[in-house]
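Analysis of the macromolecular model
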Amino acid sequence: MSAMSMTTDPSASLAPADPRPSLHPSKLFAGKRFVVVGGTGFLGKVWVSMFLHRFPDIGHLYLMVRPKGDQTPEARFWAEIAPSPVFDPIREKFPGAAFEEHLRDKITPVAGDVVHPLLGLDEAVIASLKGKCAGVVNVAGVVDFDPPLDEALDVNAFGVNNLIELARALDAPVMHTSTCYVAGYRAGLIEEADPREVPFPRADGAPRGKLISKPEGIPVDRKLERSHWDPQNEIAECLDVIESTRHRCEDQFRQSLFLDEAKRRLGERGEPCRGQALEDELREVKRRFVRDKLTEAGHERALYWGWPNIYTYTKSIGEQVLAASGVPFTIVRPAVVESASFYPFPG
């Protein structure tokens, strides 16, 4: 068909007008305020920079920064985060002193941590933002594939509960960063759906139904009853595992093992097996025992339900908790985040 016949086709005028309104993010975000969680991390810094660069008319970002030592959140922001090369495109738009002036106009660093109730946000900040916050943006997460179970749960599961609590307090929706790999060992086309529709990869009735690989002898190709799964119960059972592992450290048998191991390690390094050196080494031996056992326990649970690692397992739990909360939300699913093609710079 020629270009002329395409433009003069009488049927073209019969097409119904699109009833959906046009989406103009720059207008949508103009003057709006957001709370950003995890905006100081690898992915978060780039997100904050790009958001400020692409939407200069936004109202304000309240950027959660964990206090570090004697540093206040504001001092840490200006010492460690603002100098980052990811903000270079903004420096180019606002050279010299205008850069700091612009960031102070757009960003307020606030003390907070995803592991605390209401994310540890100050009551005065919450009161000032209630009903006036356009969204809580979560780009935080433990990104080690197999961290200890307690660390992964703190951020990826409990952190989501705390995020929900804050969103309710602010009457704001949530943008939650997760991962596409919550699909676990399922293969084929995995379409986006409510996270609760397939609560774990080995669930009976999962779309397409095919599971791949058999890691460490676990028969992931066999389906499991959904009735045995509940995300909050899974969290509670994990807490029992964590408490039990820590309790085992207090057994006399293990106390003796830890002491013997600490002395052996000190002896191999030619250090004194007494005093502060022994106390420090004993503490490290205990810490490693707990870490290894919790990593082993978390990995076992993840593989059994059909996830390849603790990270995707706890991320999926967090999604399901969010979906069940009743808080308006959207989920962003990166795959592998390694480098930038053009923003803030290639490489």
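What comes next concerns the included structure. (Residues numbered from 1 in each chain as written. Predicted model: local features only at pLDDT ≥ 70, side-chain atom pairs only at ≥ 80, totals over all residues. Heavy atoms only, no water.)

What the protein chain contains, in helices and strands, is twelve helices and six strands. Excluding contacts between residues fewer than 6 apart, the proportion of contacts in the protein chain whose partners are at least 24 apart in sequence is 73%. Of the roughly 18900 Å² of accessible surface on the protein chain, 54% is carried by carbon and sulfur atoms. (Helix = DSSP H or I, 4+ residues; strand = E, 2+ residues; numbered from the N terminus. Contact = heavy atoms within 4.5 Å. Areas by Shrake-Rupley, 256 points an atom, 1.4 Å probe, with all protein chains shown as cover.)

Think of two packed helices as two axes; the pair is described by the angle between the axes and how far apart they sit. Following both chains from N to C, one finds helix α4 (residues 73-81) and helix α6 (residues 97-106) inclined at 140°, their axes separated by 13 Å at the closest point. Overall, the two elements α4 and α6 adopt an arrangement that is oblique. For the pair α4 and α6, the crossing hand works out as right-handed. Where α4 approaches α6, its residues Glu74, Phe77 and Trp78 are matched on the opposing element by Glu100, Leu103 and Arg104. Looking at the contact of α4 with α6 residue by residue, the classes come out as three nonpolar, no polar and three charged. (Axes fitted to C-alpha atoms, helices over the stretch in contact; angles between N-to-C directions. Parallel < 35°, antiparallel > 145°, perpendicular 65-115°, else oblique. Left-handed = near helix turned anticlockwise from the far one by under 90°. Nonpolar A, V, L, I, M, F, W, Y, C, P; charged D, E, K, R; others polar.)

A word on the environment of Gly39. On the secondary structure map, Gly39 appears in the loop between β1 (33-37) and α3 (42-54). A residue is classified by how much of its surface remains accessible, and Gly39, at 1% relative accessible area, is buried. Sequence separation between Gly39 and Met64 is 25 residues, and the spatial gap between their C-alpha atoms is 7.1 Å. Once you skip the residues sitting within four places of it in the chain, Gly39 turns out to touch Gly44, Lys45, Val48, Leu63 and Val139. (Buried < 20%, exposed > 50% of the residue type's maximum accessible area, 1.4 Å probe, protein only.)

Among the nonpolar cores identified, the biggest contains 55 residues, and Val35, Val37, Val136, Leu170 and Tyr313 are the most heavily contacted of them. Sorting the residues of this core by element identifies β1, β2 (60-65), α7 (123-129), α8 (149-170), α9 (231-248), α10 (252-269), α11 (275-305) and α12 (310-323) as the ones contributing at least two each. Excluding residues that lie within four positions of it along the chain, Leu170 makes contacts with Val35, Ile126, Leu129, Lys130, Gly131, Cys133 and Val136. Ranked by size, the runner-up nonpolar core spans 23 residues in total, among them Phe51, Phe77, Phe99 and Val137. (Core = buried A, V, L, I, M, F, W, Y, C linked by side-chain atoms within 4.5 Å.)

Glancing now at the pattern of salt bridges. One pass over the structure, following the stated rule, counts 21 salt bridges. With its nearest N and O atoms 2.7 Å apart, the salt bridge here joins Asp88 to Arg91. Pair noted here: Asp88 and Arg91 are both in helix α5 (residues 88-93), with a separation of three residues, about one helical turn. When salt bridges with common partners are traced through the structure, they connect Arg265, Arg269, Glu271 and Glu281 into a single cluster. (Salt bridge = Lys/Arg side-chain N within 4 Å of Asp/Glu carboxyl O.)

Following the sequence through the fold, His176 ends up in strand β5 (residues 174-177). With sequence-adjacent residues up to four places away left out, His176 is seen in contact with Asn138, Val160, Leu163, Lys315, Glu319, Leu322, Thr330, Ile331 and Val332.

Position of Leu103 among the secondary structure elements: in helix α6. Residue classification places Leu103 among the buried residues on the basis of a relative accessible area of 0%. As a C-alpha pair, Leu103 and His60 span 43 residues in sequence and 9.6 Å in three-dimensional space. Those residues in contact with Leu103 that sit more than four places away from it in its chain are Leu52, Phe77, Trp78 and Ala82.

Pairing is parallel in the open sheet, where six strands are placed in the order β3-β2-β1-β4-β5-β6. The open sheet terminates on both sides in strands that have one partner only, identified here as β3 (107-111) and β6 (329-332). Sheet twist, expressed as the average angle between the axes of neighbouring strands with direction ignored, equals 20°. The sheet strands contacting α3 are β1, β2, β3, β4 (135-138) and β5, and the helix crosses β2 at an angle near 165°. (Pairing = 2+ DSSP bridges.)

Under the 1.5 Å per step criterion, the end-to-end length of α3 is 19 Å for 13 residues, consistent within 8% with the ideal 18 Å. Those residues of α3 that sit buried are Gly44, Lys45, Val48, Ser49, Phe51 and Leu52. One face of α3 carries all of its buried residues, which in axial projection span an arc of 165°. (Expected span 1.5 Å × (residues − 1). Arc of directions from axis to C-beta.)

Moving on, we get to unusual backbone geometry. With omega at 0°, the peptide bond leading from Tyr343 into Pro344 counts as cis. Take Pro344: it is sitting in the segment after β6. The phi torsion at Leu119 lies on the positive side, around 60°, for a residue other than glycine. Relative to the helices and strands, Leu119 resides in the loop between β3 and α7. Leu119 gets classed as buried once you look at its relative accessible area, which sits at 0%. Of note, Asp171 is a non-glycine position whose phi angle comes to about 55°, a positive value. Tracing the backbone through its elements, the reader meets Asp171 in the loop between α8 and β5.

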